[in-house]
Amino acid sequence: MIDVKAIYVLWLREMIKFSRTKFRIFNAIAMPLFMLIFLGFGFRQINIPGIPPDIGYFEYFVPGIIGMTLLFTASMVGLSVLSERQFGFLKEIMVTPASRVSIMLGRTLGGATTAILQAVIIIIIAMVMSFQIMGFAQLIASLFVMLLISVIFISMGLILASRLRDVHDYYNITNFLLFPIFLLSGAMFPIQNLPLGIPFFSVFNPLTYGVDAIRGLLIGVSALPIITDCIVLIVTATIMVLLSAYAFTNGYRI
Amino acid sequence: MDAIVLDNLTRSFGSLVAVDNISVTVHEGELFGLLGPNGAGKTTLINILTTLDKPSEGTALIAGHDIHADPENIRRIIGIVFQDPSLDVELTGRENLNFHAMMYDMPTDERKQRIDEVLALVDLSDRADQLVHEFSGGMRRRLEIARGLMHHPRILFLDEPTLGLDAQTRRKIWQYIRELNRELGITVILTTHYLEEADYLCDRIAIIDHGKIVALDTPLNLKNKIREDIVNIEVDEKKVEQVKKLLMEFEGVKKITTTDCCISVSISDAEKHLPEFIELILSKGHVVHSASAIKPSLEEAFISYTGTAIREQKGSYKDQSRAYIRRKMG
Ligand SMILES: Nc1ncnc2c1ncn2[C@@H]1O[C@H](COP(=O)(O)OP(=O)(O)OP(=O)(O)O)[C@@H](O)[C@H]1O
Ligand SMILES: [Mg+2]
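About the criteria used
Residues numbered from 1 in each chain as written. Chains lettered and ligands numbered in written order. Predicted model: local features only at pLDDT ≥ 70, side-chain atom pairs only at ≥ 80, totals over all residues. Heavy atoms only, no water. Disulfide = S-S within 2.5 Å. Buried < 20%, exposed > 50% of the residue type's maximum accessible area, 1.4 Å probe, protein only. Contact = heavy atoms within 4.5 Å. Buried area = accessible area lost by both parts, 1.4 Å probe. Salt bridge = Lys/Arg side-chain N within 4 Å of Asp/Glu carboxyl O. Polar contact = N/O pair within 3.5 Å; in protein donor to acceptor, adjacent residues only side chain to side chain. Axes fitted to C-alpha atoms, helices over the stretch in contact; angles between N-to-C directions. Helix = DSSP H or I, 4+ residues; strand = E, 2+ residues; numbered from the N terminus. Left-handed = near helix turned anticlockwise from the far one by under 90°. Nonpolar A, V, L, I, M, F, W, Y, C, P; charged D, E, K, R; others polar. Pairing = 2+ DSSP bridges. Phe/Tyr/Trp six-rings, centres within 6.5 Å; stacked < 30°, edge-to-face > 60°. Donors = N, O, S within 2.8 Å, 3.2 Å for Na, K, Ca; no water. pLDDT = per-residue confidence, 0-100. Expected span 1.5 Å × (residues − 1).

Residues and elements named next belong to chain B. Scanning the model with the defined rule gives 0 disulfides over all chains in all. No disulfide involves cysteine 261; its sulfur sits 6.4 Å from the nearest other cysteine sulfur, which is in cysteine 262. Relative accessible area serves as the criterion here: at 22%, cysteine 261 is assigned to the partly exposed category.

Next up on the list: the interface of chain A and chain B. Contacts between the two partners involve 28 residues from chain A, matched on the other side by 33 residues from chain B. A combined buried area of about 2700 Å² lies between chain A and chain B, and 61% of that area is made up of carbon and sulfur atoms. For chain A, the biggest contributors to the area lost against chain B are Phe87(A), Val95(A) and Pro97(A); these three give 25% of the whole. Taken together, chain A and chain B are joined by 5 salt bridges. The salt bridge partner of Arg13(A) is Asp88(B), with a shortest N-O separation of 2.6 Å. One can count 9 residue pairs in polar contact (both at pLDDT 80 or more) joining chain A with chain B.

What follows is about the packing of helix H1 (residues 4-20) of chain A against helix H5 (residues 100-128) of chain A. Two measures define how a pair of helices packs: the angle their axes make with one another and the distance between the axes. Residues and elements named next belong to chain A. Where H1 contacts H5, the two axes come as close as 8 Å, and the packing angle between them is 35°. As for the relative orientation of H1 and H5, their crossing is right-handed in sense. On H5, the residues touching Ala6, Ile7, Leu10, Trp11, Arg13, Glu14, Met15 and Phe18 of H1 are Ser102, Ile103, Leu105, Gly106, Arg107, Leu109, Gly110, Thr113, Thr114, Leu117 and Gln118. The residue inventory of the contact of H1 with H5, partitioned by class, reads 10 nonpolar, 6 polar and 3 charged.

For the rest of this paragraph, the subject is the sheet that holds strand E13 (residues 262-266) of chain B. Residue and element names in this part refer to chain B. The strand order E12-E13-E11-E14 describes an open sheet built from 4 strands, whose pairing is antiparallel. Two strands in the sheet have a free side with no partner beyond their single neighbour: strand E12 (255-258) and strand E14 (288-294). Taken over all neighbouring pairs, the strand axes of this sheet differ in orientation by 15° on average, direction set aside. As paired elements, strand E11 (residues 230-235) and E14 share 6 bridges and run antiparallel to each other. Looking at the pairing, glutamate 234 lines up with serine 290 of E14. Relative to E12, helix H9 (residues 240-248) is tilted by about 170°, and along the sheet it contacts E11, E12 and E13. Helix-sheet contacts for helix H10 (residues 270-283) involve E11, E13 and E14, and the interaxial angle to E14 is about 160°.

Residue and element names in this part refer to chain A. Overall, the coordinates contain 11 aromatic pairs over all chains when judged by the stated rule. Between phenylalanine 72 and phenylalanine 179, the aromatic rings sit 5.5 Å apart at their centres with planes inclined by 70°, giving edge-to-face as the arrangement. Separated by 107 residues along the polypeptide, phenylalanine 72 in helix H3 (residues 57-86) and phenylalanine 179 in helix H7 (residues 167-183) bring together distant segments of the chain. By relative accessible area, phenylalanine 179 is classed as partly exposed at 36%.

All names here are of chain B. All of the protein donors around the magnesium ion (ligand 2) are Thr43 (OG1) and Gln83 (OE1); their distances to the metal are 1.8 to 2.0 Å. Of the two residues, threonine 43 is situated in helix H1 (residues 42-49) and glutamine 83 in the loop between strand E6 (78-81) and helix H3 (93-103); the sequence distance between them amounts to 40 residues. In this structure threonine 43 comes out as partly exposed when scored by relative accessible area, which is 23%.

Here we take up the pattern of salt bridges. Counted by the stated rule, this structure contains 21 salt bridges over all chains. Between Arg13(A) and Glu14(A) there is a salt bridge; the shortest N-O distance is 3.9 Å. As far as the burial class goes, Arg13(A) and Glu14(A) line up, both buried. The salt bridge partner of Asp203(B) is Arg182(B), with a shortest N-O separation of 3.7 Å. In this pair, Asp203(B) is assigned in the loop between helix H7 (195-201) and strand E9 (204-209) and Arg182(B) in helix H6 (residues 167-184), connecting sequence segments 21 residues apart. Classification of Arg182(B) as partly exposed rests on a relative accessible area of 47%. Salt bridges sharing common partners tie together Arg13(A), Glu14(A), Lys17(A), Glu84(A), Arg107(A) and Asp88(B).

With that settled, consider the pairing of strand E8 (residues 187-192) of chain B. On a regular strand, each side chain points to the face opposite its neighbour's, so the side chains alternate between the two faces of the sheet. Residue and element names in this part refer to chain B. Among the 6 residues that make up E8, 6 are buried, leaving the element largely enclosed by the rest of the structure. Going residue by residue along E8, you find Thr187, Ile189 and Thr191 tucked away on one face and Val188, Leu190 and Thr192 tucked away on the opposite face as well. Of the pairings in the sheet, the one linking strand E7 (residues 155-159) to E8 comprises 5 bridges and is parallel in character. Each residue of the ladder has a partner; that of isoleucine 155, found in E8, is threonine 187.

Glycine aside, residues mostly have negative phi angles, and peptide bonds mostly take the trans form. If you check the backbone angles, Thr51(B) has positive phi at about 70° while not being a glycine. Along the polypeptide, Thr51(B) turns up in the loop between H1 and strand E4 (57-62).

Right, let's get into H1(B). Residues and elements named next belong to chain B. Counting buried residues along H1, 7 of its 8 residues qualify, which places the element largely inside the surrounding structure. By the burial criterion, the buried members of H1 are Lys42, Thr44, Leu45, Ile46, Asn47, Ile48 and Leu49. Taken from the residues just after H1, threonine 51 is the one with a positive phi, measuring 70°.

Residue and element names in this part refer to chain B. Tracing the backbone through its elements, the reader meets arginine 114 in helix H4 (residues 108-121). Only 2.8 Å separates the side chain of arginine 114 from the side chain of glutamate 117, close enough to count as a polar contact. Setting aside chain neighbours within four positions, we find arginine 114 in contact with Met106, Leu149, Met150 and His152.

A separate point is the environment of Leu195(B). With respect to the element layout, Leu195(B) can be found in helix H7. Residues Leu195(B) and Leu163(B) lie 32 residues apart in sequence; the distance between their C-alpha atoms is 13 Å.

Residues and elements named next belong to chain B. In the predicted model, chain B carries a mean pLDDT of 87, and the fraction of residues at 70 or more is 93%. Below pLDDT 50 for its whole length, residues 312-316 participates in 6 contacts with residues either more than four positions away or in separate chains. Across the interfaces of the predicted complex, the ipTM metric reaches 0.84, alongside a pTM of 0.82.

Residue and element names in this part refer to chain A. With 14 residues, helix H9 (residues 206-219) ought to run about 20 Å at 1.5 Å a step, and its terminal C-alpha atoms sit 20 Å apart, in line with that. A large share of H9 lies buried, amounting to 14 of its 14 residues. Two or three places before leucine 207, at the start of H9, stands the capping residue asparagine 205, its side-chain oxygen 3.0 Å from that residue's backbone nitrogen. In the segment just after H9, glycine 220 is the residue with positive phi, at about 75°.

Right under this line is the structure:
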């Protein structure tokens, strides 16, 4: 059922493409980086309720931007599978002996790796701009949280892609979904600041827990205990991978 | 064991029945052709047999494996060249082949050697390390054929394999398909629009129209079933009746019609009888102005079975969008 070689091949393919499309990487990190610089530094002096006084807004915002990078990059995987289906390459993979589940896992891990690499690039750039992390061990632990976030949203994209035929539909739906997910996650400011009722939705947003855990690990501030965040993320990721495997095995017709 | 057994296979899309209750057996080692106009259901059938799609009803066995119960084992032993483009254009030719072989778990050494083999075969050895993005349409097609052969499939599906290739390359691919079939015993199922291709390559041809097989036989029998060969002989106008009488005596002649100075004789093996006819006519002191032997073409057979000429290269909507996709990818 799970074919390690096939997963590796599909992962490797993503890595080769990633290393070749320099412009795309630049494109993917340019937007979060601009936001980080403009908002992070622009709001540096502003006191936002809910952020501990000894934490600057820039520090607070870096984990949020990492969450955003992961979210947006992860959502591209579904798009790329869909365009591969439209342009025929998916057929070539589907006709090899690799099981559907392995194909899904290969794509998920390939996408997660690129998302995490981009997040790491952003952390490094932020560190050059005065961002201080708690320690190396915490950084490594945060990579695991990033993996969970990526897996959750890549699965979301793959499930969506299995139900759609058209790249434009996918684009429209994700555009509609991504900003609420981002804004409701507390990536930019504590969700308690939002008007009554809205924080309620944040509870169901996996990115809320992801950003919170990364914050806890990188700057030592989190709304929930890190372990709670991680449990929620692990459970969600497991469910999403299972759903995505189901969608991939049953939904993909050529 | 038969290579492929289709058992009442049906595939409908809503109210459209693309494959309509087809039952047919392809023998091991056969070169089997599916000939039909646009929209006949050829690709739909191939998609089902290669486990990419599921039939609405019925089933099929590929080398004994059921398409419903055992798709992964089927995928291991088949190779396919799709009608539509299916290469990864962001990778080089060699990488495309390498990834393909890795998906089939081929060992590294064998992989390297096999890649060189198939590249040489389709004449792409010197371009293999370029991105497919930079390949021409014909080069892409050749690479796809090479890829389909990479993993030594026992059964090979070719969906319009020579579409868009120039005459020279087409001949070469034909040659190779034949070799694969004759020398390595690979069973080949080929769909085509080109009558010439079906005629030249296939052991048996199924003419398929509106999802049904309307005729199934060897190319020769398909042609012969339509009508006999014809010998046309032109003689002096005044001698026509005399010559006609003469030829009526000839053994094997089925029917003779005449126009002003031309005599048309229906007979099998026309080209063999032509010299004998001429000899006979000359020996009686008549003059022959011209003579020709005409064999019925597969095209005629095709028209008589489907009621239409094959619509080759006609810009159907689907073909246009295909051409569009090929351009977009380029
Ligand atoms: N996914 C689909 N949804 C709806 N209809 C489809 C689908 N795939 C094929 N069809 C229809 O099924 C019929 C058979 O199509 P198919 O592609 O099998 O034809 P074909 O014989 O391969 O034609 P061509 O020579 O143009 O390649 C057509 O009428 C086509 O429109
Ligand atoms: Mg077709």
